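# Remarks on the overall topology
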Amino acid sequence: MQIGFFLGPRGGNPAMAFCGDFVQQLGPDMSVKIFMHLDDPSELARVCAVSRTWRQFVIANDLCKILCLRMFPEVSGVTHVVEADNMIEPLKVRSCTSLEWEQRTRNHKVYAFLARGLTTAVGKNCISEAISASSTDNYPEESVRNTLEPRDRVEHRASYWSSKGECDPKVSESLVYKLNAKLCIVTEIHIQPFQAYFQFGSPIYSAKAVRFRMGHLKTRKMDEETVDDSGDGDESVENKYVWTYKSPEFPMAQENCLQQFKLPQPVLSIGGILQVDLLGRVQRQEMDGLYYICVAHVQVLGRPLSPAFDVDIVDLSGRCTLKHYPGVESRASSASSIKDEDGTPSRVRTFTAMLMERGVRSWEQMILSTILGTAVVVDSDESDEEIPD
């Protein structure tokens, strides 16, 4: 979405200077509607770079937060924002109005960086470890931990997880995984059923359908408990986790391949826990006449937002505190911006990296330079310290 920026006497086309500033002419309600047609964080960063008035308008109306909520409704659970190890400036002892404005500015910065992170390309496996299985037939030979191995044979031995046998094919199973960050964007889950090549006919023990849940532990203490993947734990999954997202059901094919299940929309997993629900059984084992589900491999495709972001869960409803580490963000951005694609240093990129390391007022340059790979110059006479009337 492109919006024409009428810069007036400060820049742009002189022939259009008479048009003035639409924010002042149209009023706040209509201006918010216009800015809300922007759907990319780099565009909001450009808006902030146009003038002091526009930047103050974006901050005062929480437009970066609204953009994050529009992209990922899960952000609505954030009740407080903390900027840890702030590299720019500490909060000063000032009037209530000044403190409120500084807090709004801090929140704006954090949500702007978050919006940029939410729109970055994804595509890596986000699973950190396998936590548990609802049942396991032969532990530890058929542990859920085997599903982290992409191969179904390791050192001439079969590698897979197997449920216990059931007479009723409607009985479901579940596998629980810990993601490699408490904040992860998840786009799709890949599952490969196991084909028992050592049994007559090489049957494939797939589920009838799959469903996915994401959430967090009920208490912080549970995060320190030892992982029990035997499937014989005394405490049920429902007593340990709070699920904040549940996907629709996807049919699973009885095929020996890595099957891809793409979520209807990318999901921001807050809490770092994912459960795979295996719904129904299709294959009976000839030896005992019982139905089993066996999985060779599981992948969770997405991207973690750590180490720049982290969350602390506040209560069982999923409300949380969003923590931002700007020093981590700037160092990563600086390292990637020092060189061009051919590996040679760029004077423009080096200058941008220097600005980021110094923590200058025009921090929007950090976002634009990282997204667009260019440096954006903002008038240096605009100070964060000025409070709007």
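Everything here concerns the structure above.
First, a word on what this report is: a plain description of the structure on this page. (Residues numbered from 1 in each chain as written. Predicted model: local features only at pLDDT ≥ 70, side-chain atom pairs only at ≥ 80, totals over all residues. Heavy atoms only, no water.)

### Structural notes on the nonpolar core
The biggest cluster of nonpolar side chains holds 38 residues, and the ones touching the most others in it are F35, Y111, L268, F309 and L322. C126, A130, F250 and I293 belong to the second largest nonpolar core, which has 31 residues in total. (Core = buried A, V, L, I, M, F, W, Y, C linked by side-chain atoms within 4.5 Å. Buried < 20%, exposed > 50% of the residue type's maximum accessible area, 1.4 Å probe, protein only.)

### Points about the packing of helix 3 (residues 41-50) against helix 4 (residues 52-60)
At their nearest, the axes of helix 3 and helix 4 sit 5 Å apart, and the two run at 130° to each other. Taken together, the axes of helix 3 and helix 4 lie oblique to each other. Together, L44, V47, C48 and V50 of helix 3 and W54, R55 and V58 of helix 4 make up the contact between the two elements. The residue inventory of the contact of helix 3 with helix 4, partitioned by class, reads six nonpolar, no polar and one charged. (Axes fitted to C-alpha atoms, helices over the stretch in contact; angles between N-to-C directions. Helix = DSSP H or I, 4+ residues; strand = E, 2+ residues; numbered from the N terminus. Parallel < 35°, antiparallel > 145°, perpendicular 65-115°, else oblique. Contact = heavy atoms within 4.5 Å. Nonpolar A, V, L, I, M, F, W, Y, C, P; charged D, E, K, R; others polar.)

### Some points on unusual backbone geometry
Here Y139 and P140 are connected by a cis peptide whose omega angle stands at 5°. Mapped onto the elements of the fold, P140 is located in the loop between strand 3 (127-133) and strand 4 (153-154). Phi angles above zero are rare outside glycine, and D62 is one such case at about 55°. The residue D62 is located in the loop between helix 4 and helix 5 (63-71) in this model. A positive phi is found at S202, a non-glycine position, where the angle reads about 45°. Relative to the helices and strands, S202 resides in the loop between strand 8 (183-193) and strand 9 (207-217). With a relative accessible area of 25%, S202 lands in the partly exposed category.

### Quick notes on the packing of aromatic side chains
Summed over the entire model, instances satisfying the criterion amount to 14 aromatic pairs. Geometrically, the ring pair formed by F22 and F35 is tilted, given 5.5 Å between the ring centres and 50° between the ring planes. Pair noted here: F22 is in helix 1 (residues 22-26) and F35 is in helix 2 (residues 28-35), with a separation of 13 residues, a long-range link. Each member of the pair, F22 as well as F35, is classed as buried. Here the aromatic residues F22, F35, W54 and F57 are joined through ring pairs into a cluster of three or more. Cation over ring: R153 sits above Y197, and NZ or CZ is 3.6 Å from the ring centre. (Phe/Tyr/Trp six-rings, centres within 6.5 Å; stacked < 30°, edge-to-face > 60°. Lys NZ or Arg CZ within 6 Å of the ring centre and 35° of its normal.)

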